[in-house]
Amino acid sequence: MVKKEQDPALPVMEHFYTLQGEGFFQGQAAYFIRLGGCDVGCVWCDVKDSWDANKHPLYKTADLASIVKTTPAKIVVVTGGEPLMHDLTELTLQLKDSGFRTHIETSGAHPVSGTWDWICLSPKKFKAPLENITGLANELKVIIFNRSDFDWAEKYAAMVGQACKLYLQPEWDKAAEMTPLIVEYIKANPQWQLSLQVHKYIDVP
Ligand code: SF4
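Everything numeric in this text was worked out from a predicted model, so none of it was measured.

Caption draft 1: Focus on the layout of surface pockets. Estimated volume of the largest pocket: approximately 780 Å³. Together, 38 residues line the largest pocket, and Glu22, Arg34, Asp46, Val47 and Gly80 are the ones closest to its centre. Mapped by element, the contributors of at least two residues to the lining of the largest pocket are strand S1 (9-19), strand S2 (29-35), strand S5 (101-106), strand S7 (139-144), strand S8 (165-170) and helix H5 (198-201). With three residues, S1 is the largest single contributor of residues to the lining of the largest pocket.

Put into structure tokens, the structure is as follows:
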């Protein structure tokens, strides 16, 4: 956890205005802030450049909020990396003061900081979530890389709240193999929904 300062700086790998490609808000415009730093170590990670926080420039939280304000964005998605490796209290204060909805995508492997309108929990076998995040999740998104991930998904579905949305998403490189299995799984277990990485199909970041 990064020590809280008055106007803390966070390592930012990239930031961009695009459409949310995944999950409940799929298709909606959103400003993405991808923070550097991750110690989860997923073998299939598609953003391994994010892992080393020291490789990425530091941005003051007030400056990040100012950048987002130059766009018509209503939603800001903070992702990573694993964004909860950092204290996000001040960032979310700045974003909410500016009128944005604050969304986070996290593995849940570090304590929650910040004030969030939407928490997407994506638990990873490589470093399991901390227990107290499951009750806070608005959305559970499990990446299906192999068949055993369905059991992993059910384990966390049993831990989240009743209103939490449940998504299964094929790992991108395994999509041809896993998507048909996911389709059959959802037909048999209709509490789940399919999440596709639509941004990759329409070629936006
Ligand atoms: S948690 Fe996300 S950023 Fe970290 S290794 Fe896994 S997929 Fe990559």
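More follows now that the structure is in view.
Caption draft 2: Up close: the packing of aromatic side chains. Evaluated as defined, the whole model comprises nine aromatic pairs. Note on Phe24 and Phe25: the rings are 5.2 Å apart at their centroids and 80° apart in plane angle, and the pair reads as edge-to-face. Cluster of aromatic residues (ring-pair linked, three or more members): Phe24, Phe25 and Trp118. Above the ring of Phe145, the side-chain terminus of Lys174 is found at 4.1 Å from the ring centroid.

Caption draft 3: Representation of the pairing of strand S4 (residues 75-79). Of all five residues that make up S4, five are buried, and the element is covered over most of its length. As paired strands, S2 and S4 are joined by four bridges and run parallel to one another. Residue pairing across strands places Ile33 opposite Val78, the latter belonging to S4. Where S4 meets S5, four bridges bridge the pair, whose relative direction is parallel. Bridge pairing links Val76 to Thr102 in S5.

Caption draft 4: Structural view of the pattern of salt bridges. By the definition in use, this model includes nine salt bridges. Note that Arg34 is salt-bridged to Glu14, the shortest N-O span being 2.7 Å. Residue Arg34 is found in strand S2, and its partner Glu14 is found in strand S1; the two are separated by 20 residues along the sequence. With a relative accessible area of 14%, Arg34 lands in the buried category. Between Glu184 and Lys187 there is a salt bridge whose closest N-O contact spans 3.2 Å. Pair noted here: Glu184 and Lys187 are both in helix H4 (residues 175-188), with a separation of three residues, about one helical turn. The class of Lys187 is exposed, set by a relative accessible area of 58%.

Caption draft 5: The environment of Gly161, seen in detail. If you trace the backbone, Gly161 turns up in the loop between helix H3 (149-157) and S8. Classification of Gly161 by relative accessible area gives partly exposed; the value is 34%. A C-alpha to C-alpha distance of 28 Å links Gly161 and His199, two positions 38 residues apart in sequence.

Caption draft 6: Representation of the side chain of Thr134. Considering the arrangement of structural elements, one finds Thr134 in the loop between strand S6 (118-121) and S7. In this structure the side chain of Thr134 is engaged in a polar contact, spanning 2.9 Å, whose partner is the backbone oxygen of Glu131.

Caption draft 7: Quick peek at the site of the ligand. Every residue close to the ligand is listed here: Cys38, Val40, Gly41, Cys42, Trp44, Cys45, Val47, Ser50, Trp51 and Gly81. Taking a 2 Å distance to the grid points as the criterion, the majority of the atoms of the ligand fall inside the largest pocket. Of the residues contributing to the shell around the ligand, the split by class is seven nonpolar, three polar and no charged.

What counts, and at which threshold
Residues numbered from 1 in each chain as written. Predicted model: local features only at pLDDT ≥ 70, side-chain atom pairs only at ≥ 80, totals over all residues. Heavy atoms only, no water. 1 Å grid on protein atoms, 1.4 Å probe; cavity = no way out; pocket = protein on both sides within 12 Å on 5 of 7 lines; lining within 4 Å. Points joined across faces, edges and corners; volume = space filled by probe spheres on them. Helix = DSSP H or I, 4+ residues; strand = E, 2+ residues; numbered from the N terminus. Phe/Tyr/Trp six-rings, centres within 6.5 Å; stacked < 30°, edge-to-face > 60°. Lys NZ or Arg CZ within 6 Å of the ring centre and 35° of its normal. Buried < 20%, exposed > 50% of the residue type's maximum accessible area, 1.4 Å probe, protein only. Pairing = 2+ DSSP bridges. Salt bridge = Lys/Arg side-chain N within 4 Å of Asp/Glu carboxyl O. Polar contact = N/O pair within 3.5 Å; in protein donor to acceptor, adjacent residues only side chain to side chain. Near = heavy atom within 4 Å. Sits in = over half its atoms within 2 Å of the grid points. Nonpolar A, V, L, I, M, F, W, Y, C, P; charged D, E, K, R; others polar.

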